[in-house]
Amino acid sequence: MVADPTNPAGGRSRVRMSAAQRREQLIAIGRQLFAERGFDATSIEEVASRAKVSKPVIYEHFGGKEGLYAVVVDREVRALLDRITNALTAGHPRELLEQAALALLDYIEQETDGFRVLVRESPLMSSTGNFSSVLNDLAHQAEHILGAEFKSRGFDPKLAELYSQALVGMVALTGRWWLEVRKPRKDVVASHLVNLAWNGLSHLESKPALVVKDR
């Protein structure tokens, strides 16, 4: 059972949740706590307390804190990837870069708890279930776009993987910074990211070399 405004003190009865409703409630509470405190500092006791249930209820649904965390992370990974994948509709590489940057910033702005969960790395999660996996998936998408662009300009398309990792990392780290400061505006942040990335890419040297030699 879960207490709500219809409690005995108000002369009304308590409402029993279905198993599906209870599961969604626990996921929402876990998401909030993991975002606020991280995995290690969040306890099953606190999740149970906020949900007004006993600990066995959580074990029944998720098997423990690790199971709840895994479900929360998996949902956020899929939600973020879906947002960015669906945003990539343009044909021009610069527009695709703009769309990807804005999609990530939109997610940070609208799903702040979810983003905080993803960027709080847990030692329990493998590389296939955290923010790193999202970035790798995005980099693979960017690699295909850059590979075609490099080939058309006479650059080595094998280097597209390196550049895609650099671009995605730049946007992601800037997003983590913007999560805390929230200024300048989202569109301004995106425009400056694209300005740096696109104007840098448009003036690439085909065979760059370090100015400073090894000593």
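Predicted model only: the values in this text are computed from it and were never measured.

What follows covers the overall build of the protein. A tally of regular secondary structure across the protein gives 9 helices and 0 strands. What you see in the protein, going N to C, is helices and strands ordered as α-α-α-α-α-α-α-α-α. Relative to its full complement of 215 residues, the protein shows a buried share of 40%. Put simply, of all contacts in the protein between residues at least 6 apart along the chain, 61% involve residues at least 24 apart.

Where a protein is soluble and globular, its nonpolar side chains tend to be buried together. In this structure, Ile58, Leu80, Phe115 and Phe131 are the most contacted members of the largest nonpolar core, which totals 47 residues. Counting residues per element, this core draws most heavily on helix H4 (residues 65-87), at 9 residues. The contacts of leucine 80, once residues within four sequence positions are left out, are Leu104, Tyr107, Leu118, Phe131 and Val134. Of all hydrophobic cores here, the second largest spans 8 residues; its members include Leu146, Ala160, Val194 and Trp198.

The description of an aromatic ring pair uses the distance of the two centres, along with the angle that the planes make with each other. A full pass over the atoms with the stated rule returns 6 aromatic pairs. Judged by centre distance (5.0 Å) and plane angle (90°), the ring pair of phenylalanine 34 and tyrosine 69 falls under edge-to-face. Separated by 35 residues along the polypeptide, phenylalanine 34 in helix H1 (residues 19-41) and tyrosine 69 in helix H4 bring together distant segments of the chain. Of the two residues examined, phenylalanine 34 and tyrosine 69, each falls in the buried class. When the centroid spacing of 5.9 Å and the interplanar angle of 85° are considered together, the rings of phenylalanine 150 and phenylalanine 155 count as edge-to-face. Accessibility expressed as a relative area gives 3% for phenylalanine 150, which makes it buried. When its relative accessible area of 16% is taken as the criterion, phenylalanine 155 is described as buried. Within the aromatic cluster, the residues linked to one another by ring pairs are Phe34, Phe39 and Tyr69. The lysine or arginine in question, lysine 65, covers the ring of phenylalanine 39, its NZ or CZ lying 4.3 Å from the ring centre. It is arginine 182 that lies over the ring of tryptophan 178; its NZ or CZ is 5.4 Å from the centre.

Attention now moves to the pattern of salt bridges. Inspection of the entire model under this criterion finds 14 salt bridges. Between arginine 37 and glutamate 46 there is a salt bridge whose closest N-O contact spans 2.5 Å. The partner of arginine 78 in a salt bridge is aspartate 74, with the nearest N and O atoms 3.0 Å apart. Note that arginine 78 and aspartate 74 are positioned in helix H4 at a spacing of 4 residues, about one turn of the helix. By sharing partners, the salt bridges in this structure join Glu36, Arg37, Glu46 and Arg50 into a single network.

Basis of the calculations
- Residues numbered from 1 in each chain as written.
- Predicted model: local features only at pLDDT ≥ 70, side-chain atom pairs only at ≥ 80, totals over all residues.
- Heavy atoms only, no water.
- Helix = DSSP H or I, 4+ residues; strand = E, 2+ residues; numbered from the N terminus.
- Buried < 20%, exposed > 50% of the residue type's maximum accessible area, 1.4 Å probe, protein only.
- Contact = heavy atoms within 4.5 Å.
- Core = buried A, V, L, I, M, F, W, Y, C linked by side-chain atoms within 4.5 Å.
- Phe/Tyr/Trp six-rings, centres within 6.5 Å; stacked < 30°, edge-to-face > 60°.
- Lys NZ or Arg CZ within 6 Å of the ring centre and 35° of its normal.
- Salt bridge = Lys/Arg side-chain N within 4 Å of Asp/Glu carboxyl O.

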